[in-house]
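One-letter residues, chain by chain:
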Amino acid sequence: MASPNTFGELGLSVVGLGAQYPPNLLKPNEVNKLAAKFHPDSPAMQKVLSINKFTGIDTRSSVGTSDHVLVNQPEPPSIAELHKTFMSDGVPLAIEASRKAIAEAGIDISQITHIVSTTCTDSANPGFDHFVAKGLGVTHQVEKVLLHGVGCAGGLATLRTAANLALGHSMRRKPARVLCVTLEVSTTMVRSELSSIHELQETRIGACLFSDCASAVVLSNGIGPPTAEPVYELLGWEHKILPNTESDLGFDVDPVGWKVVLSARVPKLATEALKPSFDELLESVPGLPAEYQEAHDFDWAMHPGGLTILTGAEKAMGISGEHMRASYDRYMNHGNSSSATIFSVMDRLRSKDMDALAPGGRVRDYVVGCAFGPGIAVEMCMLKRNTGRRGTQTPPETDSEASRSEVDEEVDWASVESRESIPGTPNTQGEKGQTLNDSFINEALANVELD
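Nothing here was measured: the structure is a model prediction, and the numbers come from that model.

Trainee: Before we go on, may I ask you to explain the overall build of the protein in this structure?
Mentor: Summing up its helical and strand segments, the protein has 13 helices and 13 strands in all. The 451 residues of the protein split such that 60% are buried.

Trainee: Which parts of the structure should I look at to understand the side chain of Asn52?
Mentor: Within the secondary structure, Asn52 is located in helix 2 (residues 43-52). Contact partners of Asn52, with chain neighbours within four places excluded, come to Pro28, Val31, Asn32 and Cys208.

Trainee: Teacher, can you tell me more about the pattern of salt bridges here?
Mentor: Pairing between side chains of opposite charge can happen when their charged atoms approach one another. This structure, assessed with the given rule, holds 15 salt bridges. One salt bridge connects Lys240 with Glu280, and the closest N-O pair in it is separated by 3.3 Å. Separated by 40 residues along the polypeptide, Lys240 in strand 8 (residues 232-241) and Glu280 in helix 8 (residues 266-284) bring together distant segments of the chain. A salt bridge links Asp355 to Arg385; the nearest nitrogen and oxygen atoms lie 3.4 Å apart. In this pair, Asp355 sits in helix 12 (residues 352-355) while Arg385 sits in strand 13 (residues 377-385), placing the two residues 30 residues apart along the sequence.

Trainee: Explain the state of the cysteines here, please?
Mentor: Cysteine pairs can be linked by a disulfide, which is a covalent bond between their two sulfur atoms. For the structure shown, the criterion picks out 0 disulfides. There is no disulfide at Cys152, and the cysteine sulfur nearest it, in Cys120, is 6.1 Å away. Here Cys152 falls in the buried class, since its relative accessible area comes to 12%.

Trainee: How do you make sense of the nonpolar core when you look at a structure like this?
Mentor: As a rule of thumb, nonpolar side chains are buried together in soluble globular proteins. In this structure, Leu274, Phe278, Phe298, Trp300, Met302 and Met382 are the most contacted members of the largest nonpolar core, which totals 56 residues. With 8 residues, the top contributor of residues to this core is helix 8. Membership of the second largest hydrophobic core comes to 34 residues, among which are Val116, Ala157, Ala166 and Leu234.

Trainee: Is there a simple way to explain the side chain of Thr271 in this structure?
Mentor: Structurally, the position occupied by Thr271 is in helix 8. The exposure class of Thr271 is buried, given its relative accessible area of 13%.

Trainee: Explain the packing of helix 1 (residues 29-38) against helix 6 (residues 190-200) to me, please; I cannot follow it from the model alone.
Mentor: The angle between the axes and the distance between the axes are what describe a pair of packed helices. Following both chains from N to C, one finds helix 1 and helix 6 inclined at 55°, their axes separated by 10 Å at the closest point. As far as their axial angle goes, helix 6 and helix 1 are oblique. Crossing geometry of helix 1 relative to helix 6 is assigned as right-handed. Across from Val31, Leu34, Ala35 and Phe38 in helix 1, the residues of helix 6 making contact are Val190, Arg191 and Leu194. Here the contact of helix 1 with helix 6 is built from residues that sort into 6 nonpolar, no polar and 1 charged.

Trainee: Would you explain the pairing of strand 1 (residues 12-20) in this entry?
Mentor: Side-chain positions along a regular strand alternate between the two faces of the sheet. With 9 of its 9 residues buried, strand 1 lies for the most part within the structure. Sheet topology note: the strand 1/strand 8 ladder contains 3 bridges and is antiparallel. Note that in strand 8 the partner of Val14 across the bridge is Tyr232. Across 7 bridges, strand 1 lies against strand 7 (residues 213-220) in antiparallel orientation. Across the sheet, the residue bridging to Gly18 is Ala216, located in strand 7.

Trainee: Looking at this model, I keep getting lost on the packing of aromatic side chains. Mind explaining?
Mentor: Evaluation of the coordinates by the stated rule reveals 6 aromatic pairs. Positioned over the ring face of Phe38 is Arg191, at 3.6 Å from the centre of the ring. Positioned above the aromatic ring of Tyr366, the side-chain terminus of Lys384 is 5.7 Å from the ring centre.

Trainee: Would you take a moment to explain the environment of Asp365 for this structure?
Mentor: Looking at the secondary structure, you find Asp365 in the loop between helix 12 and strand 12 (366-373). For the pair Asp365 and Tyr292, spaced 73 residues apart in sequence, the C-alpha separation works out to 9.3 Å. Discounting chain neighbours no more than four positions away, the residues touching Asp365 are Tyr292, Leu383, Lys384, Arg385 and Thr387.

Basis of the calculations
- Residues numbered from 1 in each chain as written.
- Predicted model: local features only at pLDDT ≥ 70, side-chain atom pairs only at ≥ 80, totals over all residues.
- Heavy atoms only, no water.
- Helix = DSSP H or I, 4+ residues; strand = E, 2+ residues; numbered from the N terminus.
- Buried < 20%, exposed > 50% of the residue type's maximum accessible area, 1.4 Å probe, protein only.
- Contact = heavy atoms within 4.5 Å.
- Salt bridge = Lys/Arg side-chain N within 4 Å of Asp/Glu carboxyl O.
- Disulfide = S-S within 2.5 Å.
- Core = buried A, V, L, I, M, F, W, Y, C linked by side-chain atoms within 4.5 Å.
- Axes fitted to C-alpha atoms, helices over the stretch in contact; angles between N-to-C directions.
- Parallel < 35°, antiparallel > 145°, perpendicular 65-115°, else oblique.
- Left-handed = near helix turned anticlockwise from the far one by under 90°.
- Nonpolar A, V, L, I, M, F, W, Y, C, P; charged D, E, K, R; others polar.
- Pairing = 2+ DSSP bridges.
- Phe/Tyr/Trp six-rings, centres within 6.5 Å; stacked < 30°, edge-to-face > 60°.
- Lys NZ or Arg CZ within 6 Å of the ring centre and 35° of its normal.

If you want it as structure tokens, here you go:
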């Protein structure tokens, strides 16, 4: 019998996933264009734009470009204008991501029992989840929960909440098919961030990191009509708040959107919390094979909050970039989409081209999911892959794909470290995982002030 502090057999599985990015891919110079158009040069702006070159992000997914009317008004858009764009351009992304997850789950809309959603880039009553349900054609009574205040940890927070709801249905011998939905539209707040950089002369890099995305999963408790085979079994989870860190990471409401709060302590706090959280998660999940005891024995679906978070995780846990290959892939090609990123990472991880990058050529059966959010909150979960669905082919994630500020008084969050561990990084010496050439590092250090 499992002890009170362990999970035992839960019977929970992720049976469908979907991610939907908007069609526009922003290169770093899009931020420079808006900065030059609306603000004079200043030391703070120079520093942010220098950091912008070395975040490790090649393109960020966005509902618009630097020519979009919303970000070209004389003043930054109001929260009402941002909400209007969130609804018109964002909600359709969430509907499409949900449709993908439901289709892969092999269930009918009428079988959805719960919808658990989150966003940190909009606030309204009813919430956006109401309109997603309406857009999906949900006409039966569904239990809905909309999580607020969880930021980048929101994706795994919805999964944890869904798991507890599903277990409640299991106790009543009732089927549960829980749709978890995440949606973030961050890039429309670029003008607000640039204005704060100019007015406060602070190093705010949210405009360089954040992107737009919707993602969804369907969680089943295995009771009732059959579904598709599991993509992942959910074996357990860990949630904790780091004491006295609520002022280090946040996203505060403002007349022109939301303002990111991010202290220089965040990368260190986050990476230091990884090992104890992982140890507690391992202890709570009984019956893992003997060969799955150390961090490097697992694949990792890490929320890519910033390059230093990823490289810090490597150092803290003794893992390689290849262990987090899907996290790097999403970060480099789409940016940090806050709560919506983690399900997109989980979706990407099971693809054949990611399998080819597995460390030592061996895909792990067990995956650790991890994300950090305001609080500071740590969300972690243990997943078991169904390798029989390893080669699942998902539909295009954007209309254009064929398959494919945070306030920071230090440079650490964006990182000017080499991208030496990023699988497939361009301009490396030799094969993937090797160090970048010295000229890149020298250029980075020459252009970015290290406080």
